[in-house]
Amino acid sequence: MDRVYVVDTTLRDGEQSPEIFFTPEEKVRFAQQLARLGVDVIDAGYPALGRDDLHAVAMVAREVKGPVIMALARPREEEIRAALEALENAERARIHLYIPVSRIQLRHMLNITPEEAMERAMKALDQLSGQGVEVEFTLEDAFRADRGFLLEMAKAVAAKGVRFINLSDTVGGALPSQISRVVSWLKGELGEKGPLLSIHCHDDLGMATANSVAALEAGARQFHATIGGVGTRAGNAALEEVVMALKLWEEELGLVTEVETKEFYRTVRILTALTGVMIQPHKAIIGKAAFVHKVESHLMAVVKEKSTFEIVRPEDVGYPRSPMILSKYSGRMSFEDKLRELGYSLDEERLDMAYQRFRELVEKKREIYDEDVVAIVEDVLSRRPGAFILQDFSISSGMGQEPTARVVLLQEGEVKEAASRGTGPIDAAFKAIDQITGFTGRLLNYSIRALTEGKDALGEVVLRVRLKGEEVVGRGVATDIVEASIKAYLDAVNKVLSEES
Ligand code: KIV
Ligand code: ZN
């Protein structure tokens, strides 16, 4: 069996998608889960984008042990310096350089010739030589490049000692057969002792998973992907899909990863809880409907023999077959068991807080599902010192009536209260919060969904707001949708506050 290395780029390419943002703390939380999932490399971000990005990658590098932590840089002196600074405290570090190799991108994006691109790449590698840091080099838009230049660049990069060459289908337009031909040809040209070939596929034609698998079949031994396939434009290859395809066809392909597939369910839930990103129900492996059988004949067959309609067993990707549901009869022990099952380990103070929230919830809701528990815990984990906490609110609204809201917040023991009118109850509540905090937020995006079934379900609000010149995502959950909205708005305010401190 040949080992395939897995690079997760949810924190970098995933974050390039419009609806995904991570605070530095959230990056660390997600990266810790990726370490538990067993990925080999975490593409943590692009430090040259600004001090915040550098700080976020540095936090991941300092706090996450196990996987290699990778930071992106264009072949420019200042970007390489930023990446090196961010990776300073990593247990294992890798710099990820990239440059386009297709004429169309060289001409229209960088306005340089292939010769100039080569010069930049060589200069960057010279800057890195002797720094003792591992380098991965991405040949961007590789599948639209002239073969001659692709080979020239790959050979030159390899001659500088680079051990990982990543071929990117940046525009997601290649076919599996084309990917396969290029990878096996290049591998042959670079020779057995050549660098390890890697693949990075985008999903613009819905073929990113198929293309990644094709590359691995053809000789690549590393792939880049994101959880749920989130990422730039139509997204990236979905990590769980590629891994499960390799697993299902392990004997035939002779390829293995070290991913702990039972962690997929938990990883997706954490991603959803941190970013509010919605996974479509029919998404392979992780969608809500992926293991649901509705057709009677299928159901009967599955009862007799699961493999009739299940090529992947839900338990192998961490879906509990019959989820244990909590209720008002569940005590602290069952709650703690559930937390353990969901992979949380909280300190005593947070555990008390979470259990208290759980007791409050069972007063309002008969059955408590995993999603509810995750929502409670994520809420508790996102509490920050100095944060505003919702203490009370009341709303008045009705047909032909001007909506008003009164909001009471607590900040470090101090009670703060304000009232406001608005175009709707939520607008009125947000304006009251603005009066208390002194910030004026501009709402850019707002979405609401029920986390579970039933009229008593928790409502989850995810919103994007511009506060103090920054775009932040806030998330709030409650059985009352106005309360969930207020909590989401406060979450965004508190993120801005914690970044300031
Ligand atoms: O899509 C792309 O080409 C990239 C590279 C930076 C790997 O994201
Ligand atoms: Zn990409």
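Residues numbered from 1 in each chain as written. Chains lettered and ligands numbered in written order. Predicted model: local features only at pLDDT ≥ 70, side-chain atom pairs only at ≥ 80, totals over all residues.

Asks: Any chance you could explain the overall build of the protein chain here in plain terms?
Replies: If you tally the helices and strands in the protein chain, you get 17 helices and 16 strands. For 501 residues, the compact-globule formula gives about 23 Å, and the C-alpha radius of gyration of the protein chain, at 25 Å, lands near that figure. The principal-axis extent of the C-alpha atoms belonging to the protein chain is close to 70 × 60 × 45 Å. Here the protein chain, with 501 residues, has 46% of them falling under the buried criterion. Across the protein chain, the fraction of contacts at a sequence separation of at least 24, relative to all contacts at a separation of at least 6, is 65%. (Helix = DSSP H or I, 4+ residues; strand = E, 2+ residues; numbered from the N terminus. Rg over C-alpha atoms; globule rule 2.2 N^0.38 Å. Buried ≥ 20, exposed ≤ 12 C-beta atoms within 10 Å, placed from the backbone. Contact = placed C-beta atoms within 7 Å.)

Asks: Where do I start with the site of ligand 1 in this structure?
Replies: In the vicinity of ligand 1, the contacting residues are D13, Y98, T138, E140, S168, T170, H200 and H202. Per-class residue counts for the shell around ligand 1 are one nonpolar, five polar and two charged. (Near = placed C-beta within 6 Å. Nonpolar A, V, L, I, M, F, W, Y, C, P; charged D, E, K, R; others polar.)

Asks: What is the right way to read the sheet that holds strand 8 (residues 196-201) from this model?
Replies: Strand-to-strand pairing in sheets goes through backbone hydrogen bonds, with the strands running parallel or antiparallel. In space, the eight strands of this closed barrel follow the order 2-3-4-5-6-7-8-9, with parallel pairing throughout. Each strand of the sheet is rotated relative to its neighbour by a mean of 25 degrees, with strand direction disregarded. Where strand 4 (residues 68-73) and strand 5 (residues 93-100) come together, five bridges link them in parallel fashion. Bridging from a neighbouring strand, I69 pairs with A93 of strand 5. Lying over the sheet, helix 8 (residues 208-217) contacts strand 7 (164-169), strand 8 and strand 9 (222-225), oriented at roughly 170 degrees with respect to strand 8. (Pairing = 2+ DSSP bridges. Axes fitted to C-alpha atoms, helices over the stretch in contact; angles between N-to-C directions.)

Asks: Any chance you could explain the environment of V242 here in plain terms?
Replies: Residue position: V242 is located in helix 9 (residues 239-248). We classify V242 as buried; it has 28 C-beta atoms within 10 Å. Setting aside residues no more than four positions away along its own chain, V242 makes contact with T209, S212, V213, F223, A225 and A237.

Asks: Could you clarify how one ought to interpret the sheet that holds strand 13 (residues 414-421) in this entry?
Replies: Taken in spatial order, the three strands of this open sheet run 11-12-13, and their pairing is antiparallel. Looking at which strands have only one partner, the edges of the open sheet turn out to be strand 11 (388-398) and strand 13. Neighbour to neighbour, the strand axes of the sheet diverge by 10 degrees on average, direction disregarded. Pairing geometry for strand 12 (residues 401-411) and strand 13, over eight bridges, is antiparallel.

Asks: Is there a simple way to think about helix 7 (residues 176-190) in this case?
Replies: Because each turn of an α-helix spans 3.6 residues, side chains separated by three or four positions end up pointing in the same direction. In a regular helix each residue adds 1.5 Å, so 15 residues correspond to 21 Å; helix 7 covers 21 Å between its end C-alpha atoms and thus fits that length. I179, S180, V182, V183 and L186 are the residues of helix 7 that are buried. Turning to helix 7, the residues buried within the fold contact helix 6 (147-159), strand 7, strand 8 and helix 8. Just past helix 7, the residue G191 takes up positive phi, approximately 85 degrees. (Expected span 1.5 Å × (residues − 1).)

Asks: Whenever I open this one, helix 17 (residues 481-500) confuses me. Can you help?
Replies: Across its 20 residues, helix 17 extends 29 Å between first and last C-alpha, which sits within 8% of the 28 Å expected from 1.5 Å per residue. When you tally the buried positions in helix 17, you get 14 out of 20 residues, the bulk of the element.

Asks: Any chance you could explain the nonpolar core here in plain terms?
Replies: The tendency in soluble globular proteins is for nonpolar side chains to be buried side by side. Ranked by internal contacts, the top residues of the largest apolar core, which has 144 residues, are I42, V60, I69, F223 and A429. Beyond its immediate sequence surroundings of up to four residues, A429 is in contact with F393, I395, A405, V407, V482, S485 and I486. (Core = buried A, V, L, I, M, F, W, Y, C linked by C-beta atoms within 7 Å.)

Asks: Sorry, what's going on with the environment of L463 here?
Replies: Secondary-structure assignment places L463 in strand 15 (residues 459-467). Given 24 C-beta atoms within 10 Å, L463 falls into the buried group. Between the C-alpha atom of L463 and that of L443, which follows or precedes it by 20 residues, the distance is 7.4 Å. Excluding anything up to four places from it in sequence, L463 contacts L443, N445, Y446, G474, A488, Y489 and A492.

Asks: Explain the domain arrangement of the protein chain to me, please; I cannot follow it from the model alone.
Replies: Much of the literature gives interface size as the accessible area that the parts lose upon coming together. Its domain assignment divides the protein chain into domain 1 (2-275), domain 2 (325-381) and domain 3 (388-500). Relative to domain 3, the C-alpha centre of domain 2 lies at a distance of 23 Å. Contacts between the two partners involve eight residues from domain 2, matched on the other side by seven residues from domain 3. In terms of residues, the side of domain 2 that touches domain 3 owes the most to one element, helix 15 (residues 370-381), which gives four residues. In the side of domain 2 that touches domain 3, the residues fall into two nonpolar, no polar and six charged. (Domains from an automatic or database assignment.)

Asks: How should I be thinking about the pairing of strand 4 in this particular structure?
Replies: Here is the key point about a regular strand: its side chains alternate between the two faces of the sheet. In terms of residue burial, strand 4 counts as a mostly covered element, since six of its six residues are buried. Both faces of strand 4 are covered, namely the face carrying V68, M70 and L72 and the face carrying I69, A71 and A73. As paired strands, strand 3 (residues 41-45) and strand 4 are joined by four bridges and run parallel to one another. When the sheet's bridge partners are listed, I42 is paired in strand 4 with I69. For the crossover that starts at strand 3, traverses helix 2 (residues 51-63) and ends in the parallel strand 4, the hand is right-handed. Of the crossover connections in this fold, the one passing from strand 4 over helix 3 (residues 77-87) to the parallel strand 5 is right-handed. (Right-handed = clockwise from strand over helix to strand, strands pointing away.)

Asks: Please clarify how the pairing of strand 7 should be interpreted in this entry.
Replies: In terms of burial, strand 7 is largely enclosed, as six of its six residues are buried. Burial along strand 7 is two-sided: F164, N166 and S168 and I165, L167 and D169, pointing in opposite directions, are all buried. The pairing of strand 6 (residues 134-140) with strand 7 spans four bridges and is classified as parallel. Residue pairing in the sheet places E136 in a bridge with F164 of strand 7. Between the parallel pair strand 7 and strand 8, the chain is carried across by helix 7, and the sense of this crossover is right-handed.

Asks: Help me out: how do you make sense of the packing of helix 5 (residues 114-128) against helix 6 in this one?
Replies: Remark: helix 5 packs on helix 6, axes separated minimally by 10 Å, with the N-to-C direction vectors making an angle of 15 degrees. Between helix 5 and helix 6, the interaxial angle falls into the category roughly parallel. For the pair helix 5 and helix 6, the crossing hand works out as right-handed. For the pair formed by helix 5 and helix 6, the contact residues are P114, M118, A121, M122 and L125 on the first element and F149, M153, A156 and V157 on the second. Here the residues of the contact of helix 5 with helix 6 sort into nine nonpolar, no polar and no charged. (Parallel < 35°, antiparallel > 145°, perpendicular 65-115°, else oblique. Left-handed = near helix turned anticlockwise from the far one by under 90°.)

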